[in-house]
Number of protein chains: 2
Amino acid sequence: MKRSLKLSPGRSMVTFLFILLASIHSPAQFTSNLISPEISSDNTVTFRIHAPNSDDVQLTGSWMAFNETAKLIKGDTGTWTLTVGPLAPELYGYNFIVDGVNTLDPLNKHIKRDGTWRVENVLFIRGTASDLYEPKTGPKGTVSQVWYSSPTLGMTRRMIVYTPPGYAEGNEKYPVMYLLHGGGGDEEAWPDLGVAPTIMDNLINQKKAVPMIVVMTNGNPDQAAAYTETPVLDNPSRGAAGMANKMFEESLVKDVIPYIEKNYRVKTGKQNRALTGLSMGGLQTMNTTFKYPDMFNYIGVMSMGFADLSAFGIEVDLSERDQQIDALKKADPKLYWIACGKDDFLYESVTTMRKELDEHGFDYTYRESTGGHTWSNWRIYLSEFAPMLFK
Amino acid sequence: MKRSLKLSPGRSMVTFLFILLASIHSPAQFTSNLISPEISSDNTVTFRIHAPNSDDVQLTGSWMAFNETAKLIKGDTGTWTLTVGPLAPELYGYNFIVDGVNTLDPLNKHIKRDGTWRVENVLFIRGTASDLYEPKTGPKGTVSQVWYSSPTLGMTRRMIVYTPPGYAEGNEKYPVMYLLHGGGGDEEAWPDLGVAPTIMDNLINQKKAVPMIVVMTNGNPDQAAAYTETPVLDNPSRGAAGMANKMFEESLVKDVIPYIEKNYRVKTGKQNRALTGLSMGGLQTMNTTFKYPDMFNYIGVMSMGFADLSAFGIEVDLSERDQQIDALKKADPKLYWIACGKDDFLYESVTTMRKELDEHGFDYTYRESTGGHTWSNWRIYLSEFAPMLFK
């Protein structure tokens, strides 16, 4: 038997990988033994980047204050290093800034995109506070990219649908949570940055939440799907641009919910529907439930209140507000949950909202957290909201 | 009605976005009006990066030769610019190299990960040759991340399942193509770098391929899923490490196919199964069909031949090769398709394979393309292989 591609016996796996790598076009950076980020047992984290020709390397991460950076120190070999922490258990984002240019960690291929804003490296510190964010062995739900017809918006649009562990194999019907992202985001925000499927798997497997379907839509009415779905970068929507017309809210009620209730094994009726969203998605949650007060029994408004958005072309018809609150009060949803961080730039709008709801004797639950308008908070809010549903 | 969050009326959407942005931790790079990459009507492409403190900025892209880079020119404002092309229609990858550090284009948030190797920016040039890679309006399949039990490998593992347009709404049964990635890749390789769902949508909608289910597995038997599924970067598999034991091939036959045929509306039997893979996946395709010659009627081996992989600890038992070829010949699959690029580093192994198959009078179809061991070729191969199936 002939053997082609003769290789000397001493060659190792590394050789094979090198050959494979050679078939890739890019000049590779051979920083073979470097590790970054390296998490020590005490949760200090060492970051490293090989940049011998650079003059300044900074680190920025989601554990730092806004605009805060930390300087790495250059070693003799041209590798820059910095150890930080110990960091509290959390799912963090970070990146380097090399001579002023935002640069992803070349040694960490785990990257998440935050809408149209940015991409960043992922750093996960294990612990009790982050335990729900970590995939576990055991039953897992299915995450599907589903295209549906939206006559309301005149498009075939994409949403992400989470079906719980056991859905594929069983016959059971499930309640549904509709989970909305914020401005600048898209349908990939909750599954990726929010790790909603992992949180749901863990909550369901730990019997903290009942098994449910979670529907993560694209809340930008001028967008069919995340712009990365279309390889051409033609004028990606900035998301908030479409907030004003409330057409997403219409499409949610007229297109999304009917599609889900037709094509999935779903328990129907108000008592089996929850709606929640963050920031822009919180506004859309308010808009939808004010207009359709009998659609959802569980309502969550995260990091959004009665904000004046007229400067952005979003005119709230305040003449209807009183009757909207009264109508929703009459519909008597089982849960109206408002969550906001003390440092959120929309905190004052939440205070206003609570005051107005109080004036109407409207029953709601308020959850005030530390921190601001962050994914850290929204993951916590989801972890707390989902267990309260459908019980 | 009170209004909180007073903003002066002159403030625009930009202000709102700025406020939102301010809630993100990173110091933002304000290069507001810059566009990169900018594709002109003649398909020349201009790349830009604002790096006033850098001394050298290079560009590397998949249209270039290995190790080739092109130098950007620094302008007065500190923005570096380069116009290249015109480029042929294709789905390209690229990145900058700033003072020697691989750097993603900060103005392009469209990024793809190539297994454990690298992340790169996406550049799509429209045209006839890339038309199948571009999402179109119209019916689309569903792409699902599915976890299944693999007793063979002792893990719950993840695969990506494409169901064709109409699957969710209908009752029809479909044939199945199993589509395997290469060394260093994972189950996200074909959906992302290979844009397999888009190619299949287009082929099916254009009636070039029959509607089928496509199953994209993780071919690394020591890995439950792409390492990015686990936020902790603990010892990510290098993929090829598990090639030797052929356990993936066993799990494909014993775990994956039974799961699919139980939980999806699938036409069963050899005549409704296709198996194809690239590089390592080509080897796994050969291994599987040699051991189970009656499982698949359509077999595609991409960019892999009878290579000597003993140096990587992969010992092929050549004493069985003759009888394996004869057994597969006797099973008489409707299609045995071999595809390789002229410049592929495994080209010689494909020549060897063809010679041995010829000596056995084994019937196969050979497709030789230009180029090498690249995603450009694998997308073309999928576009040509899928239309030949189940007809």
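Residues numbered from 1 in each chain as written. Chains lettered and ligands numbered in written order. Predicted model: local features only at pLDDT ≥ 70, side-chain atom pairs only at ≥ 80, totals over all residues. Heavy atoms only, no water.

(A) Local environment of the overall build of chain A. Scanning chain A for helices and strands turns up 8 helices and 18 strands. Looking at chain A as a whole, 62% of its 391 residues are labelled buried. Of the contacts formed within chain A by residues at least 6 apart in sequence, a portion of 73% connects residues at least 24 apart. For chain A, the accessible area works out to roughly 14400 Å², and carbon and sulfur atoms hold 50% of it. (Helix = DSSP H or I, 4+ residues; strand = E, 2+ residues; numbered from the N terminus. Buried < 20%, exposed > 50% of the residue type's maximum accessible area, 1.4 Å probe, protein only. Contact = heavy atoms within 4.5 Å. Areas by Shrake-Rupley, 256 points an atom, 1.4 Å probe, with all protein chains shown as cover.)

(B) Local environment of the pairing of strand β14 (residues 213-216) of chain A. All names here are of chain A. Both faces of β14 are covered, namely the face carrying Ile213 and Val215 and the face carrying Val214 and Met216. Sheet topology note: the strand β12 (residues 155-163)/β14 ladder contains 3 bridges and is antiparallel. Residue Val161 lies in a different strand from β14, and its bridge partner there is Val215. Pairing of strand β13 (residues 176-180) with β14, which is carried by 4 bridges, proceeds in the parallel orientation. Each residue of the ladder has a partner; that of Val176, found in β14, is Ile213. (Pairing = 2+ DSSP bridges.)

(C) Quick peek at the packing of aromatic side chains. All names here are of chain B. If you walk through the whole model with that rule in mind, you get 32 aromatic pairs over all chains. Ring geometry for Tyr148 versus Tyr259: centroids 6.2 Å apart, planes at 50°, classification tilted. Of the two residues, Tyr148 sits in strand β11 (residues 142-150) while Tyr259 sits in helix α4 (residues 247-263), which places them 111 residues apart along the sequence. Overall, Tyr148 belongs to the buried group, its relative accessible area being 1%. What makes Tyr259 buried here is its relative accessible area of 12%. (Phe/Tyr/Trp six-rings, centres within 6.5 Å; stacked < 30°, edge-to-face > 60°.)

(D) Highlighting the sheet that holds strand β1 (residues 38-39) of chain A. Residues and elements named next belong to chain A. An order of β1-β2-β6-β5 is seen for the 4 strands of this open sheet, with the pairing classed as antiparallel. Each edge of the open sheet carries a strand with a single partner, namely β1 and β5 (73-74). Where β5 and strand β6 (residues 79-84) come together, 2 bridges link them in antiparallel fashion. Bridge pairing in β6 links Ile73 to Thr81.

(E) Focus on the environment of Thr77(A). All names here are of chain A. Take Thr77: it is sitting in the loop between β5 and β6. Taking relative accessible area as the criterion, Thr77 reaches 59% and is therefore assigned exposed. Along the chain, Thr77 and Phe312 lie 235 residues apart, while their C-alpha atoms are 51 Å from each other.

(F) Representation of unusual backbone geometry. Note that the residue after Ser36(A), namely Pro37(A), is joined by a cis bond; omega there is -10°. Within the secondary structure, Pro37(A) sits in the loop between α1 (13-22) and β1. Across the junction of Gly85(B) and Pro86(B), the peptide omega takes the value 10°, indicating a cis bond. Of note, Pro86(B) is situated in the loop between β6 (79-84) and β7 (90-98). You will see that Asp332(A), though not glycine, has its phi angle at about 55°, which is positive. One can find Asp332(A) in the loop between α6 (321-331) and β17 (335-341). Among the residues examined, Asp332(A) registers a relative accessible area of 56% and is labelled exposed.

(G) Quick peek at the packing of helix α3 (residues 196-205) of chain A against helix α8 (residues 375-385) of chain A. Residues and elements named next belong to chain A. The interhelical angle for the contact between α3 and α8, taken along N-to-C directions, is 30°, at an axis separation of 10 Å. You can see that α3 and α8 cross each other, and the crossing is right-handed. Packed against α3, whose contacting residues are Ala196, Ile199, Met200 and Leu203, the element α8 presents Arg379, Leu382 and Ser383 at the interface. Split into classes, the residues belonging to the contact of α3 with α8 amount to 5 nonpolar, 1 polar and 1 charged. (Axes fitted to C-alpha atoms, helices over the stretch in contact; angles between N-to-C directions. Left-handed = near helix turned anticlockwise from the far one by under 90°. Nonpolar A, V, L, I, M, F, W, Y, C, P; charged D, E, K, R; others polar.)

(H) Summary view of the pattern of salt bridges. Residue and element names in this part refer to chain A. Tallied over the full model, the rule gives 30 salt bridges over all chains. Between Lys270 and Asp294 there is a salt bridge; the shortest N-O distance is 3.6 Å. With Lys270 in the loop between α4 (247-263) and β15 (273-278) and Asp294 in the loop between α5 (280-291) and β16 (298-302), the pair connects residues that are 24 residues apart, well separated along the chain. Here the salt bridges do not stand alone but share partners, grouping Arg113, Arg158, Asp186, Glu187 and Glu188 into one network. (Salt bridge = Lys/Arg side-chain N within 4 Å of Asp/Glu carboxyl O.)

(I) View of the sheet that holds strand β2 (residues 45-50) of chain B. Read from one edge of the open sheet, 4 strands run β1-β2-β6-β5 (chain B), paired in antiparallel fashion. Of all strands in the sheet, those with a lone pairing partner are β1 (38-39) and β5 (73-74) of chain B, marking the two edges.

(J) Highlighting the confidence of the model for chain A. Residues and elements named next belong to chain A. Taken as a whole, chain A shows an average pLDDT of 88; of its residues, 88% reach a score of 70 or greater. Of the regions scoring below 50 in pLDDT, residues 232-239 engages in 20 contacts with residues more than four places distant in sequence or in other chains. Our summary of model confidence lists the complex with pTM equal to 0.90 and ipTM equal to 0.88. (pLDDT = per-residue confidence, 0-100.)

(K) Examining helix α3 (residues 196-205) of chain B more closely. All names here are of chain B. Counting buried residues in α3 gives 9 out of 10 residues, a clear majority hidden from the surface. Those residues of α3 hidden inside the fold are in contact with β11, β12 (155-163), β13 (176-180), α2 (189-192), β14 (213-216) and α8 (375-385). The first or second residue beyond α3 is Lys207, which carries a positive phi of 60°.

(L) Region of the structure containing the environment of Asp76(B). Take Asp76(B): it is sitting in the loop between β5 and β6. Along the chain, Asp76(B) and Pro52(B) lie 24 residues apart, while their C-alpha atoms are 8.8 Å from each other.

(M) Seen up close, the domain arrangement of chain A. All names here are of chain A. Segmentation of chain A into domains returns domain 1 (25-126) and domain 2 (134-388). Centre-to-centre separation of domain 1 and domain 2, based on C-alpha positions: 32 Å. Of the roughly 1200 Å² buried where domain 1 meets domain 2, counting both sides, 46% is carbon and sulfur surface. Its largest share of buried area at the contact with domain 2, domain 1 owes to Lys112, Arg113 and Thr116, together 50% of the area lost on that side. Here domain 1 and domain 2 share 4 salt bridges between them. Residue Arg113 pairs with Glu188 through a salt bridge whose shortest N-O separation is 2.6 Å. For the side of domain 1 that touches domain 2, the leading source of residues is strand β9 (residues 111-114), giving 3 residues. In terms of residue class, the side of domain 1 that touches domain 2 is made up of 3 nonpolar, 2 polar and 6 charged. (Domains from an automatic or database assignment. Buried area = accessible area lost by both parts, 1.4 Å probe.)

(N) Molecular detail of the pairing of β16(A). All names here are of chain A. Along β16, 5 of the 5 residues are buried, which leaves the element largely enclosed by surrounding structure. Neither face of β16 is left uncovered, since the one carrying Tyr298, Gly300 and Met302 and the one carrying Ile299 and Val301 both have all their residues buried. Of the strand pairs in this sheet, β15 and β16 are connected by 5 bridges, and their pairing is parallel. Paired with Thr276 across the strands is Gly300, a residue of β16. Handedness of the β15-α5-β16 crossover: right-handed. Strand direction decides the pairing type here: β16 and β17, joined by 5 bridges, are parallel. Bridge assignment links Ile299 to a residue of β17, and that residue is Tyr336. Following the chain from β16 across α6 to the adjacent parallel β17, one finds a crossover that is right-handed. (Right-handed = clockwise from strand over helix to strand, strands pointing away.)

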